[in-house]
Amino acid sequence: MTPPPAPRGASPAGGTAPLKVVIAEDAVILRDGLAHLLGLRGHEVVAGVGDAEALRAAVAEHRPDVAVIDIRMPPTHTDEGLRAAIELRRELPGTGVLLFSQYVETRYAAELLGSSPAGVGYLLKERVSDLDDFVDALTRVAAGGTALDPEVVAHLLGASRRDGSRHDGLDALTPREREVLALMAEGRTNAAIAASLVVTERAVEKHVANIFTKLGLAATGSDHRRVLAVLRYLDAS
């Protein structure tokens, strides 16, 4: 029997398979630098563009696994990249989108994640200084996961705490459960959460189960409770 194809970003042996990437960034030095770094890791940057219109054309032509998109691009440098990303997700939902910004703009994260968080990420540009973290996030997004910058999550959590109102069960979470949910929002696995909090993976599993219970997320055959929990967290923020 022929084995099923490996997910994008994962080789059959569990390693990382080459990804087809489009980069939309108007700063030429950063765009070329990213392309060079990803090439060193074995990924193929099929196009590098500087505006939203060129991004749409590049995605239509190359059908990449994932697009790295700057939120602020010409001509107004406000939300051109975001609007192009939302359009891309609507037309090609199987294409991963990794937003890239110099600033923490949480409403952009919530807006893009609002329809479906699968295959979506949001990193600060400074994160590219840690190539391992950047490539890990890119691979996770291409494979249908979620990757949020820790700074974005921290701002979301701070906004939720300042609000002080009830948010569909979030108020019932313990401080540790909120920590776990914040790390889930970054796209971390249970093993990675355990390592970050210096606890056992079994302890993390119990916290995750408690989060699902308190948020009223019963197991079903179709809903991804982990994604739903993150969406609840983002909506509350």
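Residues numbered from 1 in each chain as written. Predicted model: local features only at pLDDT ≥ 70, side-chain atom pairs only at ≥ 80, totals over all residues. Heavy atoms only, no water.

A.B. asks: Describe the overall build of the chain, and please don't skip the residues or the numbers.
C.D. replies: Check the secondary structure of the chain and you find 10 helices and six strands. Restricting the contact set of the chain to residue pairs at least 6 apart, pairs at least 24 apart contribute 66%. (Helix = DSSP H or I, 4+ residues; strand = E, 2+ residues; numbered from the N terminus. Contact = heavy atoms within 4.5 Å.)

A.B. asks: Can you break down the nonpolar core residue by residue, with the values?
C.D. replies: Ranked by internal contacts, the top residues of the largest apolar core, which has 45 residues, are L55, I69, L99, L181, M184, I211 and A229. When residues of this core are assigned to their parent elements, the largest contribution, six residues, is made by helix α7 (residues 175-185). When sequence neighbours within four positions are dropped, the list of residues in contact with A229 reads L181, M184, I211, F212, L215 and L217. By size, the runner-up hydrophobic cluster in this structure holds 19 residues, among which are V21, L123, A137 and V141. (Core = buried A, V, L, I, M, F, W, Y, C linked by side-chain atoms within 4.5 Å. Buried < 20%, exposed > 50% of the residue type's maximum accessible area, 1.4 Å probe, protein only.)

A.B. asks: A description of the packing of helix α8 (residues 190-197) against helix α9 (residues 201-214) should follow, citing residues and the corresponding values.
C.D. replies: At their nearest, the axes of α8 and α9 sit 8 Å apart, and the two run at 110° to each other. The orientation of α8 relative to α9 falls into the category roughly perpendicular. Residues N190, A191, I193 and A194 of α8 lie in contact with α9, whose contacting residues are E201, V204, E205 and V208. Class assignment for the residues of the contact of α8 with α9 results in five nonpolar, one polar and two charged. (Axes fitted to C-alpha atoms, helices over the stretch in contact; angles between N-to-C directions. Parallel < 35°, antiparallel > 145°, perpendicular 65-115°, else oblique. Nonpolar A, V, L, I, M, F, W, Y, C, P; charged D, E, K, R; others polar.)

A.B. asks: Residues and numbers for the pairing of strand β3 (residues 66-70), please.
C.D. replies: With five of its five residues buried, β3 lies for the most part within the structure. Along β3, one buried face is formed by V66, V68 and D70 and the opposite face, lined by A67 and I69, is buried too. When strand β1 (residues 20-24) meets β3, the two strands line up parallel, connected through four bridges. By the bridge assignment for β3, V22 is matched with A67. Looking at chain direction, β3 and strand β4 (residues 96-101) are connected through five bridges and run parallel. Along β4, the bridge assignment pairs D70 with F100. Tracing the backbone out of β3, into helix α3 (residues 80-91) and back to the parallel element β4 gives a crossover that is right-handed. (Pairing = 2+ DSSP bridges. Right-handed = clockwise from strand over helix to strand, strands pointing away.)

A.B. asks: Please provide a residue-by-residue account of the sheet that holds β1, values included.
C.D. replies: On the basis of which strands lie adjacent, the open sheet formed by six strands has the order β2-β1-β3-β4-β5-β6 and parallel pairing. Bordering the open sheet on either side are β2 (44-49) and β6 (146-148), each of which pairs with just one other strand. Ignoring strand direction, the axes of neighbouring strands in this sheet form an average angle of 20°. Along the sheet, helix α5 (residues 131-142) makes contact with β1, β3, β4, β5 (120-124) and β6, crossing β4 at roughly 145°.

A.B. asks: Now, about the confidence of the model for the chain: what can you tell me, with residues and values included?
C.D. replies: Per-residue confidence for the chain averages 81 on the pLDDT scale, and 78% of its residues sit at or above 70. Counted against residues more than four places away or in other chains, residues 1-7, with its pLDDT under 50, gives two contacts. Counting contacts from residues 162-166, a segment whose pLDDT is below 50, to residues more than four positions away or on other chains yields one contact. (pLDDT = per-residue confidence, 0-100.)

A.B. asks: Can you explain unusual backbone geometry? Please cite residues and give values.
C.D. replies: Across residues other than glycine, the phi torsion is negative in most instances, and most of the peptide bonds are trans. Following P74, the chain continues into P75 via a peptide bond in cis, with omega recorded as 10°. Mapped onto the fold, P75 is located in the loop between β3 and α3. Of note, R63 is a non-glycine position whose phi angle comes to about 45°, a positive value. Within the secondary structure, R63 sits in the loop between α2 (52-62) and β3. Exposure remark for R63: the relative accessible area of 52% places this residue in the exposed category. Of note, H77 is a non-glycine position whose phi angle comes to about 55°, a positive value. Taking the relative accessible area as the measure of exposure, H77 reaches 37% and is therefore partly exposed.

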